[in-house]
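The residues making up each chain are set out below.
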Amino acid sequence: MQWDKVKNVLIVILAAVNVFLLANLGIRIGQEQERKAALEDSVRTLAAEYGVTIADAFDLPADKSLPELSIDRSRPDEEAVAAAMLGDDAERTEQDDGTVVFEGARGTVRWAADGRVEGSFQTGADAPQDGNDALRLARRLLADWGIPIRDAQLDTDGLTATLRGSAAGLPVFNRTLTLRFDGAGGVSLDGRWSFGTPYTTVRGSGVMCSAADALLEFVSRRTAAAEIRSMEAGYRLETDSSRRLQLTPTWKIVTDFGEYLVDCDKKTVIDQKN
Amino acid sequence: MRAPARSARNTVKNIALLVLVAMLCMLCAANWVLGMNIAQMPADNLLRRAYDHLVGGAVGYELRSSGVAAAEPAQLALRVDGQLYGVQYNLTEVEAAFSAVQTVWEKALSDGTLEPADEAALTAALQTGDCALLRYHGRIPLRVIASWVGGIWTDGGDTAVETLLLSADAGKLFVRTPDGALYSAEVPVDADALASAGQTFRGMACGFAGDGYAVYPETLLFDSERLTLPLLDRRDIDLFSAQSGAGLEGLLQAFGFTAYTDFYSEQDDAVRVFVDNASTLRVSADGLLQYASAQGDSTVRAYEEGEVRGQSALDAQLDCARLILDEALRAGETETHAALYAVQRSGDTTTLTFMQLYGGVPVLGESDFASFSFAEDGTLVSATVQLQRFAARSTQRTVLPARQAAAGAGEGARSLMVAYRAQDGVYVPARYYLSSAA
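None of these values were measured; they are calculated from a predicted model.

Chemist: I'm lost on the packing of helix H3 (residues 91-108) of chain B against helix H6 (residues 191-200) of chain B in this one. Help?
Modeler: When two helices pack together, their arrangement is given by the angle between the helix axes and by the axis-to-axis distance. All names here are of chain B. For the pair H3 and H6, interaxial distance at closest approach is 8 Å and the crossing angle is 170 degrees. Comparing the axis directions of H3 and H6 gives the class roughly antiparallel. On H6, the residues that touch Ala100, Val101, Thr103 and Val104 of H3 are Ala193, Leu194, Ala197 and Thr200. Tallied by class, the residues present in the contact of H3 with H6 amount to 6 nonpolar, 2 polar and no charged.

Chemist: In this structure, what is going on with the side chain of Ser293(B)? I would like to understand it.
Modeler: Residues and elements named next belong to chain B. Here Ser293 is to be found in strand E15 (residues 288-293). Exposure remark for Ser293: the relative accessible area of 14% places this residue in the buried category. Within polar-contact distance, the side chain of Ser293 engages the backbone oxygen of Leu380 at 2.8 Å. Among residues more than four places away in sequence, those in contact with Ser293 are Ala278, Ser279, Ser298, Leu380 and Val381.

Chemist: Even after reading the chapter, I still don't get H3(B), so can you show me in this structure?
Modeler: Residues three or four positions apart in an α-helix share a direction because the helix packs 3.6 residues into each turn. All names here are of chain B. The end-to-end C-alpha distance of H3, which contains 18 residues, comes to 24 Å, matching closely the 26 Å that a straight helix rising 1.5 Å per residue would cover. Of all bends in H3, the biggest is about 50 degrees, found at Val101. Along H3, the residues classified as buried are Leu91, Thr92, Val94, Ala96, Ala97, Phe98, Ala100, Val101, Val104, Trp105 and Ala108. Capping of H3 at its N-terminal end is provided by Asn90; its side-chain oxygen lies 3.1 Å from the backbone amide nitrogen of Glu93.

Chemist: Where do I start with the packing of helix H1 (residues 3-49) of chain A against helix H4 (residues 211-220) of chain A in this structure?
Modeler: Residues and elements named next belong to chain A. At a closest axis distance of 10 Å, the pairing of H1 and H4 adopts a crossing angle of 5 degrees. Judged by the angle between their axes, H1 and H4 are roughly parallel. Of the residues in H4, those touching H1 at Leu39, Val43, Leu46 and Ala47 are Ala212, Leu215, Leu216 and Val219. Looking at side-chain class alone, the contact of H1 with H4 contains 8 nonpolar, no polar and no charged residues.

Chemist: Please clarify how the pairing of strand E13 (residues 271-275) of chain B should be interpreted in this entry.
Modeler: One face of the sheet, then the other: side chains in a regular strand alternate in exactly this way. Residues and elements named next belong to chain B. Among the 5 residues in E13, 4 count as buried, and that is most of the element. Direction of pairing for strand E12 (residues 263-266) relative to E13: antiparallel, over a ladder of 4 bridges. Following the sheet pairing, Tyr264 is matched in E13 by Val273. The turn linking E12 back onto E13 is made up of 4 residues, and Gln267 within it adopts a positive phi angle of 50 degrees. One ladder, built from 5 bridges, connects E13 with strand E14 (residues 279-284); its direction is antiparallel. Within E14, the position partnered with Val275 by the bridge is Thr280. Between E13 and E14, which pair antiparallel one after the other, the connecting turn spans 3 residues.

Criteria and cut-off values
- Starting afresh in each chain, residues are numbered from 1 along the sequence in its written order.
- A letter from A marks each chain and a number from 1 marks each ligand, given out in the order of writing.
- Reporting in this predicted model follows two pLDDT cut-offs: at least 70 for local features of residues, and 80 or more for side-chain atom pairs to be given and counted; totals over whole chains, interfaces and linings ignore these cut-offs and use all residues.
- Water and hydrogen atoms play no part in the side-chain values, which are based on all heavy atoms of the structure.
- Here the axes come from fitting lines to C-alpha atoms, over the contacting stretch only for helices, and the angles between their N-to-C directions go from 0 to 180 degrees.
- Counting from the N terminus, the helices are the DSSP runs of H or I reaching at least four residues and the strands are the DSSP runs of E reaching at least two.
- Note that the term roughly parallel is reserved for angles under 35 degrees, roughly antiparallel for angles over 145, roughly perpendicular for angles of 65 to 115, and oblique for everything else.
- Residues are treated as being in contact if the distance between any of their heavy atoms lies within 4.5 Å.
- Amino acids outside the nonpolar list (Ala, Val, Leu, Ile, Met, Phe, Trp, Tyr, Cys, Pro) and the charged list (Asp, Glu, Lys, Arg) are all regarded as polar, and Gly is one of them.
- For the exposure calls, accessible area comes from a 1.4 Å probe over protein chains only, and a residue counts as buried if that area is under 20% of its type's maximum, exposed if over 50%, partly exposed in between.
- We define a polar contact as two N or O atoms separated by no more than 3.5 Å, with the added condition that, inside protein, one atom must be a possible hydrogen donor and the other a possible acceptor, whereas residues neighbouring each other in sequence contribute only through side-chain atom pairs.
- Helix span is expected to be 1.5 Å times the residue number reduced by one.
- We define the bend at each residue as the angle formed by axes fitted to the 7 residues ending at it and the 7 residues starting at it.
- A pair of strands counts as paired when DSSP detects no fewer than two bridges linking them.

Okay, structure coming up:
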């Protein structure tokens, strides 16, 4: 048997099949790109009809399917953080609505069942004098309190530091902690935070996040925004009817008038932050 | 020279063949993957997880076979170093206490063999040593409770239980069933976990009834108990009001319908009946939901037929029912939450019954709050939910303390329960006796 010739024939056949598959793949990717460009054009046209322009740099994000996630409230973690903030002698009181209040010689911290936290206390450190000092102190305090900043973003504006948290590799738009240093050794704390790894169930439902749908729903609401600059898929922290913490898939739309959150599933505009 | 040249050419051809075959495999896979709707795959699919890593989807979250417990215990207690503390009928306190003792129960409910036990052994175990107690209202299978706390229980796992008591000294788990039977099993007790739980568990001082009362010896009697609860008025629900739009849409989706499904109205639009090829959903504006489907055709499935069985099937059914109930409670904007009350099997149908709680206190009515029947293939065969909305009055009532109730218990009254019941249109909290035949 002439294996040499057989190999030649096989090489030709395989090369032909590969070329066909490659072409097929290229056509599909090309069609997808064309569809995306056409969709973006249509969205721009429709948005313009509502009096909203879409920035030239805007890139319509790809659709995503995100699972709805749950997080268990962790009172031990809340207590440990409060003890680190106020000292081990802080007294703990739980109210009927699930809010836990910690009071110590240094100040007060309140953790609510929906993850909201607020407090005011002395840090025991030198007061920061500028933004750089505030950033360094915020980083050190958060580490001391046991709040991880590895997957979070820490920014400062003057003597105010804001920690923006993420979960499951995506931003959680309302999971933030704001530290306002008063310049006299004190700090006030405000925001919403959670502990532990989020989870879903094997049969848990996923939510399809369509950027075009969310954008069109948003512009049709005729908000004060005149220009859309960017949008990003992520989560927002909320409590469900059984008072469990949930991470709900959400789009964040950045406009010239501020940031808006749009629920991926219900397409409702949830919140606005200027 | 010819032989080496032919050999080199042969090697090149072999390499080319290998490369072309590898390319063929990769291109086939790429074409296959591109043609699939990976985003719609379930979260436990490996391809979906890999896809999410590549395209920036959600990653780094846990997948659990079942969500959080479908029912919180009505009472919990823990005795470490001789002092017994307990919590009861307060959702936030119960959740806090449960998180403190979860590890203890997770390790204890990791299989054992249930055997009938005598009351004397239980009474002896109650008197000394570290112990922990969980009490539920209802008839909940032991394996379901074990699953909620992170453990696994197979032998006798279908036994419906009401109270679980873990005794460190005896190294035993005692289980009380709703019909009064007592079982025990040798289980591992983690002394370190108990000591750690003792540091974070917060509750009121209490004691066990022991053999001095007619009620079960494990009944918790709180010192200086003052359980004061508001009276409740029933408020109207209008599921069809414009404000309920989003909630109703979510509710329809939970039952496999969309907001555009055809429906017809009855009773001057007080009732809307949504119908598709396989199922019917009857929604009353006042909160009554009735669903029925042809077995095997329902679009609502807890799992695909043949994919899961046994405990996993029950977990999936519980999750499915809970997701629907969550949507229903959201649509009704109720202040209540649902808790599993019973699991019954009849033929190849499993029926899950839920009761509703207001702030952790059961609200009892003429009929069950919610029930879901699943076929063996995972389809939802029928469901009924009676949504109710309550408003707390400023008037409060103090419930008869358990110690007094236990002292007044007659023959047959073996356990106690605090619940709301309707009296002249007002829901009033009171303590009730339950007989062993309940």
